[in-house]
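So you can see what is in the structure, the chains are spelled out below.
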Amino acid sequence: MTAFKTLDDIGDVRGKVALVRVDLNLPMQDGAVTDDTRIRAAVPTILELADAGAKVLLLAHFGRPKGARSSTQSLSMVVGAVQSVLGREVMFVPEIAGDIVAQAVGILPEGGIAILENTRFWPGEEKNDPELVKAIAANADLYVNDAFSAAHRAHATTEGLAHVLPAYAGRSMQAELEALGKALDHPEKPVAAVVGGAKVSSKLDVLKHLVSKVDHLIIGGGMANTFLAANGVDVGKSLCEHDLTDTALEILANAEKSGCTVHLPYDVVVSKEFAANPPSLRICNVHEVADDEMILDVGPAAVEALADVLKTCRTLVWNGPMGAFETEPFDAATVALARTAAALTREGSLVSVAGGGDTVAALNHAGVAGDFTYISTAGGAFLEWMEGKELPGVTALRK
Ligand code: ADP
Ligand code: MG
């Protein structure tokens, strides 16, 4: 069914050298890895190849060294963390091409694993330089891309290598592509999208794309204020991009043309100051927001109506919290809607896919991240996919 090759198509890899692009751009503090989610995501692919007897060379970038070596951004720093998550010994190679890598391949036993240096130390990485691609490929037999989070970049190790070596999607990449495909490319209808977060401006392309794709577009968060204002609602001192009212009206008009129902809140949680449990907190109709109040969450009546919308849907994609969820009680709408989506997913009536840095944090806060069908931690690549863009790293795997 899939249009790309996976590890199921790879054949006998015993003794072969596999370049495996992974995401090791890990959060670090004082030289220690603070969250190993990205390492764990790469484990199935790495172990499957190693256990089949391949020599596994991991390729990854770290930080933004801008094409030069930087002692504070060497991938040697993550070797210990990768070893402990894998439960295997891992060799470090301070190059990505040339004789040093060739020697390392010679020493590495079948099933051995090595991490090559930060690919962004070489200017050819971000330029997708064919010479660098050729030099990296020269030491290997095949290429596996397991880094969906880097697939929106056409770099040497995310895109170029797929053209010069037999190329396969790793297990993590495969899972992400299958989940995202089910959510937006060929979803079961009706489809709902929840889009929230602070600003319309950061998600214009997402909104424009979604109105042509989904049956219900639920807009919450700060960006709902811009849409409310465009509809003539006085939003007081709420976060609002008044310069984008024309754009908001255009999106609403396009939604109507495409048969997409847009849901804006009709009651809201407001307060005069932005603080936890402020004394001025109240719930009101959107038409009753005072000049000195700001909207910080979607109201309970709207949340209940939105839950009813989700109950009629088979597929949900979600990016962006419904309110300023980091501060109590402005997490209420996000938590309630997340729990509804989680319950419907558990019952088997909804396929739910969510992504975005703050969105994942909000779903964890609601305690339901594990109940969603799929949670993407890919950040920029997830948003570009929500915008309907081709991801070069994925396209290169498809040919
Ligand atoms: P993601 O990282 O999931 O893509 P965003 O970065 O777009 O999400 O948005 C998250 C931010 O939006 C959060 O910090 C949240 O506090 C803020 N936000 C949501 N609703 C409001 C609101 N009504 N007023 C101000 N900020 C809001
Ligand atoms: Mg964010």
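Residues numbered from 1 in each chain as written. Chains lettered and ligands numbered in written order. Predicted model: local features only at pLDDT ≥ 70, side-chain atom pairs only at ≥ 80, totals over all residues. Heavy atoms only, no water.

Let's talk about the domain arrangement of the chain
At step 1: For the chain, the domain assignment lists domain 1 (7–172) and domain 2 (187–386).
At step 2: Taking only C-alpha atoms, the centre of domain 1 and the centre of domain 2 are 37 Å apart.
At step 3: Taken together, the contact pairs five residues of domain 1 with eight residues of domain 2.
At step 4: Both faces considered, domain 1 and domain 2 share a buried interface measuring about 480 Å² in area, 63% of it formed by carbon and sulfur atoms.
At step 5: Looking at the side of domain 1 facing domain 2, the largest losses of area belong to Phe148, Ser149 and His152, adding up to 76% of the total buried there.
At step 6: The interface formed by domain 1 and domain 2 holds zero salt bridges in total.
At step 7: Counting every contact that joins domain 1 to domain 2 gives zero residue pairs in polar contact (both at pLDDT 80 or more).
At step 8: A class-by-class count of the residues in the side of domain 1 that touches domain 2 yields one nonpolar, three polar and one charged. (Domains from an automatic or database assignment. Contact = heavy atoms within 4.5 Å. Buried area = accessible area lost by both parts, 1.4 Å probe. Salt bridge = Lys/Arg side-chain N within 4 Å of Asp/Glu carboxyl O. Polar contact = N/O pair within 3.5 Å; in protein donor to acceptor, adjacent residues only side chain to side chain. Nonpolar A, V, L, I, M, F, W, Y, C, P; charged D, E, K, R; others polar.)

A look at the environment of Leu249
At step 1: On the secondary structure map, Leu249 appears in helix 10 (residues 245–258).
At step 2: A residue is classified by how much of its surface remains accessible, and Leu249, at 37% relative accessible area, is partly exposed.
At step 3: Sequence-wise, Leu249 and Asp297 are 48 residues apart; in three dimensions their C-alpha atoms are separated by 22 Å.
At step 4: If we skip the residues at most four places from it in the chain, Leu249 touches Ala230 and Asn231. (Helix = DSSP H or I, 4+ residues; strand = E, 2+ residues; numbered from the N terminus. Buried < 20%, exposed > 50% of the residue type's maximum accessible area, 1.4 Å probe, protein only.)

Considerations on the nonpolar core
At step 1: Among the nonpolar cores identified, the biggest contains 70 residues, and Leu19, Phe148, Leu217 and Trp385 are the most heavily contacted of them.
At step 2: Tallying contributions element by element places helix 7 (residues 171–185) first for this core, with six residues.
At step 3: Core analysis: the next-biggest nonpolar cluster, separate from the first, contains 32 residues, Leu7, Leu49, Phe62 and Ala81 among them. (Core = buried A, V, L, I, M, F, W, Y, C linked by side-chain atoms within 4.5 Å.)

Concerning the side chain of Thr226
At step 1: Take Thr226: it is sitting in helix 9 (residues 221–230).
At step 2: Beyond its immediate chain neighbours, meaning those up to four positions away, Thr226 contacts Val200, Cys240, Glu241, Leu244, Thr245 and Ala248.

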